[in-house]
Amino acid sequence: MCPSKTTENLPPKEPMLHQMKHPPLVPPPPLLSLPSSQDLHPLPRILAAWADTCQMCFFRYGGGPGAMKPVRVVTLCWVLLLASRLGATRKESPEEASFYYGNFPLGFSWGVGSSAFQTEGAWDQHGKGPSIWDTFTHSGKGNVLGDETADVACNSYYKVQEDVALLRELHVSHYRFSLSWPRLLPTGVRADGVNRKGIQFYSDFIDALLKSNITPIVTLHHWDLPQLLQAKCGGWQNVSMASYFSDYANLCFEAFGDRVKHWVTFSDPRTMAEKGYETGHHAPGLKLQGTGLYKAAHHVIKAHAQVWHAYNDTWRSQQQGLVGISLNCDWGEPVDLSNPKDIEAAERYLQFCLGWFANPIYAGDYPQVMKDHIGRKSAEQGLEMSRLPVFSLQEKSYIKGTSDFLGLGHFTTRYITERNYPSGQGPSYQNDRDLVELVDPNWPDLGSKWLYSVPWGFRRLLNFAQTQYGNPLIYVTENGASQKLHCTQLCDEWRIQYLKGYTNEMLKAIKDGANVKGYTSWSLLDKFEWERGYSDRYGFYYIDFNKKNRPRYPKASVEYYKRIITANGFPNPREVESWYFKALEICSINNQMLAAEPLLSYMQIVTEIVVPTVCTLCILIAAVLLMLLLRSLS
């Protein structure tokens, strides 16, 4: 008999960091690896787990893969003390031991996502202007692994119908994609002229989606700022960017708003600010430590609010759409739940990550903990004013409430403990937080240095957002796992397990009371992954980037995700288990077909070139022989 689908079978909802009362990217890689709860004792196992830290240092990361630099701030004694304390306090989460069988609410929206720069290609075609990422990847300075570019990427600009067919195959309800600002406005400035070919491209794409009953969820800005605005204004360091962005957004509302009803202003602006203006690992590659990212974020928040008000005042009455923002954050779990300092550090982690942008939008100002920490450290560094900019009373009122939904991106979890960094080390986002991020080595490692599968953290983050921001309407806008192997791998069992675990924790959060209306798995295709080039693969569809036409091949996770969507949840253990085996069976067949492709290509060459050539030669030879025969007879 199948388990009941009532909440009685649901694991109990745990308290959220004492139910905090005041309101990562790809997130930063782990600083240290925690011994697992199974391996904390005896001491020799602790020592083995911490072998990598015996050089009296650990790595502090500046915001993502490839951003690490050694900092000699932790002694081995401190590490071992932390490990032993963790062993005495860490307990297995109830979520880790249970799986909930049940359905998502009727009308729940399932989808996949992508972004323009990562997939479109056609970087300088049909009137498109350069973006900061075009400049960043073309610099020849080794900004991207292997000096790769997105000049062609997935070639999606020329493969619209093929990609829409893939979306139909997945049975998704919606597709989240971004518009390329420089494709629509080559200089970034509307007064300089609109690229009508860009307008037509996105209009046709939106029409193709709607024809296939797929709802477009459109992001206005996913990091590819027009290069001329960077050169002219200094990009998001300049407050005038809010007006340029508003002009661009109004063009999009005017051109597409009759058909697009879900708008996302910015995608993961925290990573855009941190990696673009603090560490320099992303375009525009500036290293304005401890100042640049806060200034950029300040202007982004103002720009978001201006666009929301523009839609609300001018377009909402006739178009009846929604405008929100997409914020990425990992869950931060206290190392020691009985230690107030660890609990405060975990809260601080979340406020510096999610609250940085969400708190102004939902409460009118930055989190108090950010203002306190950055203000104190700025004073200790001899500055008269805080490095964190200040909103005026008028701006606070103007920004508060400017979101019809909260887009939430999430990939993994960290354990958090307090660590005070001296102000004398200099200003930086990492030092301002005064904390250390750690991981459990028993968490499944998905291949990327920063990404571990920790599904229970997703439920906690959703409940945190629901509690902190007044039960907002939530769309999960990014959640996914990268490829584990560098070879062609269509049987992505680890992605299936990740997808199963995370969507199930989302279902539990909905049963807890989180108002989640849709889920976007990241991503439809393997694509250009920023500073990682093409080394990380998040797609449901494998792309052979060595082939000019960028062929797409379905992975096993396509079949599995399709089953979740069709069932709108997890019906019963037997059926869910059958999905897994069916997915692997199909991917095995696809792998065989992929392996046979070189032979098929060779046979195609034979068919298309060799056979016609031989036939032509035979005809010529026959003609020559006939002529010789006729001459001999005459």
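The rules behind each value
- Residues numbered from 1 in each chain as written.
- Predicted model: local features only at pLDDT ≥ 70, side-chain atom pairs only at ≥ 80, totals over all residues.
- Heavy atoms only, no water.
- Helix = DSSP H or I, 4+ residues; strand = E, 2+ residues; numbered from the N terminus.
- Areas by Shrake-Rupley, 256 points an atom, 1.4 Å probe, with all protein chains shown as cover.
- UniProt positions renumbered as here; feature names shortened; annotations may be inferred.
- Buried < 20%, exposed > 50% of the residue type's maximum accessible area, 1.4 Å probe, protein only.
- Arc of directions from axis to C-beta.
- Contact = heavy atoms within 4.5 Å.
- Polar contact = N/O pair within 3.5 Å; in protein donor to acceptor, adjacent residues only side chain to side chain.
- Core = buried A, V, L, I, M, F, W, Y, C linked by side-chain atoms within 4.5 Å.
- Phe/Tyr/Trp six-rings, centres within 6.5 Å; stacked < 30°, edge-to-face > 60°.
- Lys NZ or Arg CZ within 6 Å of the ring centre and 35° of its normal.
- Axes fitted to C-alpha atoms, helices over the stretch in contact; angles between N-to-C directions.
- Parallel < 35°, antiparallel > 145°, perpendicular 65-115°, else oblique.
- Nonpolar A, V, L, I, M, F, W, Y, C, P; charged D, E, K, R; others polar.
- Pairing = 2+ DSSP bridges.
- Disulfide = S-S within 2.5 Å.

The name that an unreviewed UniProt entry assigns to the protein chain is Lactase-like protein, with the source organism given as Odocoileus virginianus.

## Here's the deal with the overall build of the protein chain
The helix and strand inventory of the protein chain stands at 20 helices and 18 strands. Carbon and sulfur atoms provide 56% of the accessible area of the protein chain, an area that totals close to 25200 Å².

## Let's talk about the UniProt feature "transmembrane region" (unreviewed entry) in the protein chain
Here, UniProt's "transmembrane region" (unreviewed entry) annotation points to residues 609-630. Helix makes up 100% of residues 609-630 and strand 0%, with an end-to-end C-alpha separation of 32 Å.

## Quick look at helix H5 (residues 160-170)
Taken together, the buried positions of H5 are Val-160, Asp-163, Val-164, Leu-166, Leu-167 and Leu-170. Buried residues in H5, looked at end-on, bunch into an arc of 155 degrees, giving them a common side. Here the buried face of H5 lies against strand E5 (109-113), strand E6 (174-178), helix H7 (196-211), strand E16 (541-543), strand E17 (552-554) and helix H18 (556-567). In the segment just after H5, His-171 is the residue with positive phi, at about 65 degrees.

## Quick notes on the UniProt feature "active site" (unreviewed entry) in the protein chain
Taken from the UniProt record, the annotation "active site" (unreviewed entry) applies to Glu-478. Structurally, the position occupied by Glu-478 is in strand E14 (residues 474-478). Apart from residues lying up to four places away in sequence, Glu-478 is in contact with Arg-176, His-222, Ser-267, Asn-328, Leu-408, Gly-409, His-410, Phe-411, Thr-520 and Trp-522. A polar contact of 3.4 Å, which involves the side chain of Glu-478, links it to the side chain of Ser-267.

## A closer look at the nonpolar core
Of all hydrophobic cores here, the largest spans 160 residues; its most connected members are Leu-179, Trp-236, Trp-263 and Met-506. Sort the elements by how many residues they give to this core and helix H11 (residues 292-319) lands first, with 12 residues. Once residues within four sequence positions are removed from consideration, Met-506 is found in contact with Phe-104, Phe-108, Trp-110, Phe-458, Leu-462, Val-476, Val-516 and Tyr-519. One finds Ile-217, Phe-405, Leu-473 and Tyr-475 within the second-largest nonpolar core, a separate group that totals 5 residues.

## Some thoughts on the side chain of Ser-246
If you trace the backbone, Ser-246 turns up in helix H9 (residues 241-256). We classify Ser-246 as buried; its relative accessible area is 7%. Other than its neighbours up to four places away in sequence, Ser-246 contacts Gln-306, Val-307 and Ala-310.

## Structural notes on the packing of aromatic side chains
Counted under the stated rule, the structure contains 51 aromatic pairs. For the ring pair Tyr-415 and Trp-456, a centre distance of 6.4 Å and an interplane angle of 40 degrees mean the geometry is tilted. Of this pair, Tyr-415 sits in strand E12 (residues 413-418) while Trp-456 sits in helix H16 (residues 456-468); the two residues are 41 residues apart in sequence, bridging distant segments of the chain. We classify Tyr-415 as buried; its relative accessible area is 5%. A residue is classified by how much of its surface remains accessible, and Trp-456, at 4% relative accessible area, is buried. Aromatic rings pair up to connect Phe-117, Trp-133, Phe-136, Trp-223, Phe-528, Trp-530, Tyr-534 and Phe-545 into one cluster. In this structure, Lys-500 packs its charged tip against the face of Phe-99, placed 4.9 Å from the ring centre.

## Some points on the packing of helix H12 (residues 340-363) against H16
In the contact formed by H12 and H16, the axes pass within 13 Å of each other and the chain directions differ by 70 degrees. With respect to their mutual orientation, H12 and H16 come out roughly perpendicular. Contacts between H12 and H16 pair Leu-350, Gln-351 and Leu-354 from the former with Leu-461, Phe-464 and Gln-468 from the latter. Grouping the constituent residues of the contact of H12 with H16 by class yields 4 nonpolar, 2 polar and no charged.

## Description of the environment of Leu-461
Take Leu-461: it is sitting in helix H16. Owing to a relative accessible area of 0%, Leu-461 belongs among the buried residues under this scheme. As for Leu-461 and His-410, which are separated by 51 residues in sequence, their C-alpha atoms are 8.4 Å apart. Setting aside residues no more than four positions away along its own chain, Leu-461 makes contact with Cys-329, Asp-330, Trp-331, Leu-350, Leu-354, Leu-408 and His-410.

## Topic: helix H10 (residues 269-277)
Within H10, 9 of the 9 residues are buried, leaving the element largely enclosed by the surrounding structure. Listing the buried residues of H10 in full gives Pro-269, Arg-270, Thr-271, Met-272, Ala-273, Glu-274, Lys-275, Gly-276 and Tyr-277.

## Some details on the pairing of strand E13 (residues 435-439)
Of all 5 residues in E13, 5 are buried; the element is thus mostly enclosed. Residues Leu-435, Glu-437 and Val-439 point to one face of E13 and Val-436 and Leu-438 to the other, with burial holding for every one of them. Inspection of the sheet shows E12 paired to E13 by 4 bridges, in the antiparallel sense. The partner of Ile-416 across the bridge, within E13, is Glu-437.

## Focus: the environment of Leu-388
Structurally, the position occupied by Leu-388 is in the loop between helix H13 (368-380) and helix H14 (393-399). Each C-alpha atom of the pair Leu-388 and His-298 lies 8.5 Å from the other, and the pair is 90 residues apart in sequence. Ignoring sequence-local partners within four residues, the contact set of Leu-388 consists of Tyr-294, Tyr-366, Met-370, Lys-371 and Ile-374.

## Thoughts on the state of the cysteines
Scanning the entire structure with this criterion turns up 2 disulfides. Sulfur-sulfur distance for the disulfide between Cys-491 and Cys-587 comes to 2.0 Å. Negative torsions about the S-S bond denote left-handed disulfides, and the value of about 110 degrees found for Cys-491 with Cys-587 makes this one right-handed. Of this pair, Cys-491 sits in the loop between E14 and helix H17 (493-512) while Cys-587 sits in helix H19 (residues 573-595), placing them 96 residues apart in sequence. When its relative accessible area of 10% is taken as the criterion, Cys-491 is described as buried. Cys-587 sits in the buried class, given a relative accessible area of 1%. Once the disulfide-bonded cysteines of the protein chain are ranked by sequence position, their pairing pattern turns out to be 1-2, 3-4.

## Regarding unusual backbone geometry
Note the cis peptide between Ala-283 and Pro-284, where omega equals 5 degrees. For His-126, which is not glycine, the phi torsion reads 55 degrees and is therefore positive. Inspection of the secondary structure assignment puts His-126 in the loop between helix H3 (116-119) and helix H4 (132-138). Taking relative accessible area as the criterion, His-126 reaches 38% and is therefore assigned partly exposed. Positive phi outside glycine occurs at Trp-223, with the angle close to 80 degrees. Looking at the element boundaries, Trp-223 is found in the loop between strand E7 (215-221) and helix H8 (227-233). The class for Trp-223 is buried, based on a relative accessible area of 5%.

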